[in-house]
Amino acid sequence: MAAVSQLQRQFIEYTTSLYNEGYLDDQFTQLQKLQDESNPEFVVEVVSLFFEDSEKLLNNLATALQQKIVDYKQVDSHVHQFKGSSSSIGAQRVTNVCVHFRNYCEEKNLDGCLRCLQQVKHEYILVRNKLETLFRLEQQIVQAGGSIPMME
Amino acid sequence: MCKKLVQMMQGKIWMSTNSQGYIQSTSLVLRFQIQQTFNRPMFDLTNFIDQPKSNSIFRGLQVILADDDGVNRMVTKKLLEKLGCQVTTVSSGFECLSSLGPTMSPFHVVILDLHMPEMDGFEVATRIRKFRSRNRPLIIALTASAEEQVWERCLQVGMNGVIRKPVLLRGLEIELRTVLQRAGERLSS
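Since we're looking at a predicted model, the values are computed, not measured.

A. Structural context of the overall build of chain B. The helix and strand tally for chain B stands at seven helices and seven strands. Along chain B, helices and strands appear, N-terminal first, in the series α-β-β-α-β-α-β-α-β-α-β-α-β-α. Within the span of chain B, comprising 189 residues, buried residues form 42% of the whole. With an accessible surface of roughly 11600 Å², chain B has 51% of that area assigned to carbon and sulfur atoms.

B. Layout of unusual backbone geometry. Residue B:Lys165 is joined to B:Pro166 through a cis peptide bond whose omega torsion reads 0 degrees. Considering the arrangement of structural elements, one finds B:Pro166 in the loop between strand E7 (161-164) and helix H7 (169-188). If you check the backbone angles, A:Lys108 has positive phi at about 55 degrees while not being a glycine. Considering the arrangement of structural elements, one finds A:Lys108 in the loop between helix H5 (92-107) and helix H6 (110-143). For B:Glu118, which is not glycine, the phi torsion reads 70 degrees and is therefore positive. Inspection of the secondary structure assignment puts B:Glu118 in the loop between strand E5 (109-113) and helix H5 (121-131).

C. Quick look at the interface of chain A and chain B. Across the contact, 22 residues belong to chain A and 15 residues belong to chain B. Taken together, both faces of the contact between chain A and chain B bury some 1600 Å²; the carbon and sulfur share is 62%. Three residues, A:Gln27, A:Gln30 and A:Leu34, lead the burial of chain A against chain B; their summed loss comes to 30% of the area buried on that side. Where chain A touches chain B, the interface holds two salt bridges. The salt bridge involving A:Asp36 is made with B:Lys78; its shortest N-O contact spans 3.9 Å. Applying the counting criterion to the chain A and chain B interface returns six residue pairs in polar contact (both at pLDDT 80 or more). Put simply, the parts of the chain that give the side of chain A that touches chain B at least two residues each are helix H2 (26-34), helix H3 (42-66) and helix H4 (72-89) of chain A. Top contributing element to the side of chain A that touches chain B by residue count: H4(A), with eight residues. Partitioning the side of chain A that touches chain B into residue classes produces seven nonpolar, 10 polar and five charged.

D. Local environment of the confidence of the model for chain B. Residue and element names in this part refer to chain B. For chain B, per-residue confidence averages 81 on the pLDDT scale, and 66% of positions sit at 70 or higher. In this model residues 34-43 is a low-confidence stretch, pLDDT under 50, and it forms 10 contacts with partners more than four residues away in sequence or in other chains. Taken together, the chains of this predicted complex give a pTM of 0.81 and an interface ipTM of 0.91.

E. Structural detail: the packing of H3(A) against helix H3 (residues 70-82) of chain B. One way to put it is that H3(A) packs onto H3(B) with a least axis distance of 9 Å and a crossing angle of 160 degrees. Here H3(A) lies roughly antiparallel to H3(B), going by the angle between them. In the packing of H3(A) onto H3(B), the handedness of the crossing is left-handed. Listed contacts from H3(B) to A:Phe42, A:Glu45, A:Val46, A:Leu49, A:Phe50 and A:Asp53 of H3(A) are B:Gly70, B:Val71, B:Met74, B:Val75 and B:Lys78. Along the lines of polarity and charge, the residues of the contact of H3(A) with H3(B) split into seven nonpolar, one polar and three charged.

F. Broad picture of the side chain of B:His108. Counting through the fold element by element, B:His108 comes out in the loop between helix H4 (93-99) and E5. Of the polar contacts made by the side chain of B:His108, one reaches the backbone nitrogen of B:Gln62; its length is 2.8 Å.

G. Examining empty space enclosed by the protein more closely. What the rule picks out here adds up to one cavity of 30 Å³ or more. Roughly 50 Å³ of internal volume is contained in the largest cavity. What lines the largest cavity is A:Gln27, A:Ser88, B:Asn72, B:Val75, B:Thr76, B:Lys165, B:Pro166 and B:Val167. Counting residues per element, the lining of the largest cavity draws most heavily on H3(B), at three residues.

H. View of the layout of surface pockets. The calculated volume of the largest pocket comes to roughly 760 Å³. Contributions of two or more residues to the lining of the largest pocket are made by H4 and H5 of chain A together with strand E6 (138-143) and helix H6 (148-156) of chain B. With nine residues, the single largest contributor to the lining of the largest pocket is H4(A). Split by residue class, the lining of the largest pocket holds eight nonpolar, 13 polar and 11 charged. For the second largest pocket, the calculated volume is near 410 Å³.

The rules behind each value
- Residues numbered from 1 in each chain as written.
- Chains lettered and ligands numbered in written order.
- Predicted model: local features only at pLDDT ≥ 70, side-chain atom pairs only at ≥ 80, totals over all residues.
- Heavy atoms only, no water.
- Helix = DSSP H or I, 4+ residues; strand = E, 2+ residues; numbered from the N terminus.
- Buried < 20%, exposed > 50% of the residue type's maximum accessible area, 1.4 Å probe, protein only.
- Areas by Shrake-Rupley, 256 points an atom, 1.4 Å probe, with all protein chains shown as cover.
- Contact = heavy atoms within 4.5 Å.
- Buried area = accessible area lost by both parts, 1.4 Å probe.
- Salt bridge = Lys/Arg side-chain N within 4 Å of Asp/Glu carboxyl O.
- Polar contact = N/O pair within 3.5 Å; in protein donor to acceptor, adjacent residues only side chain to side chain.
- Nonpolar A, V, L, I, M, F, W, Y, C, P; charged D, E, K, R; others polar.
- pLDDT = per-residue confidence, 0-100.
- Axes fitted to C-alpha atoms, helices over the stretch in contact; angles between N-to-C directions.
- Parallel < 35°, antiparallel > 145°, perpendicular 65-115°, else oblique.
- Left-handed = near helix turned anticlockwise from the far one by under 90°.
- 1 Å grid on protein atoms, 1.4 Å probe; cavity = no way out; pocket = protein on both sides within 12 Å on 5 of 7 lines; lining within 4 Å.
- Points joined across faces, edges and corners; volume = space filled by probe spheres on them.

Structure follows, in structure tokens:
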């Protein structure tokens, strides 16, 4: 049974690395600050919704890019949505790929789009795993009787 | 038939003919009551304007938020609630317009994502300006775009403010406060 302080230190180190490596940005910090007693599960709720929506978007993108005649407007519309939701929660690396993805859509560059799809999927899976790890750490701290350190 | 309708309106209608019996003109006289204009304040916005610098300025402010993305809706709604607003969310331009219908309770502010499918924010704002001239809510656009043309178009279409996405609490607070203060200045002038 790890001591609370050890878990808390782990949490701080992990969170700091996520920011340093660009997986998360200030928008995520804002989300955490929005969480309060009236809505103690807010971050997990928003992030879960993000996961659900993202998986649908990725499927839609794959389908759209597999069409004989690709509708780039449709593809762009999906990417735009992905860009918006990822930036709302602070998933910076996902948002960055979306920016490049939109450029390829405008150019109607199928190759570029397919590459971006792979990239954005990759970044999404990475951030999803990282956030799940973060939430698990939080749970462990709470279960051990401690409180989650506030990141500034 | 026209005669019957006009008579129901307590008016008179007659046709005058020339010497050869052809109709020359039609005259119509109708009575109208002169409406009394009340000095009706816009939803009592004065409550929100003279507050000292604190977040109580937004307490009780009725906001309707239109954004087609679920994640964005959730986050923006929470930000607005943090500022003290009472928020209703809708996911399309159509829903937004029907929520602003004449039988619904009034909203003070409409916060509108510009890029919604089917009916975008510009169209919604244009329609709001046409139909709700008396009890018109303030309109603030939400956009990821930093382009001047986009912002200019917002002004042209009659919006009162623009907020850049992704939304930050401070940015939201400042723009809301500015829009309310400007509206207050209009009222008192």
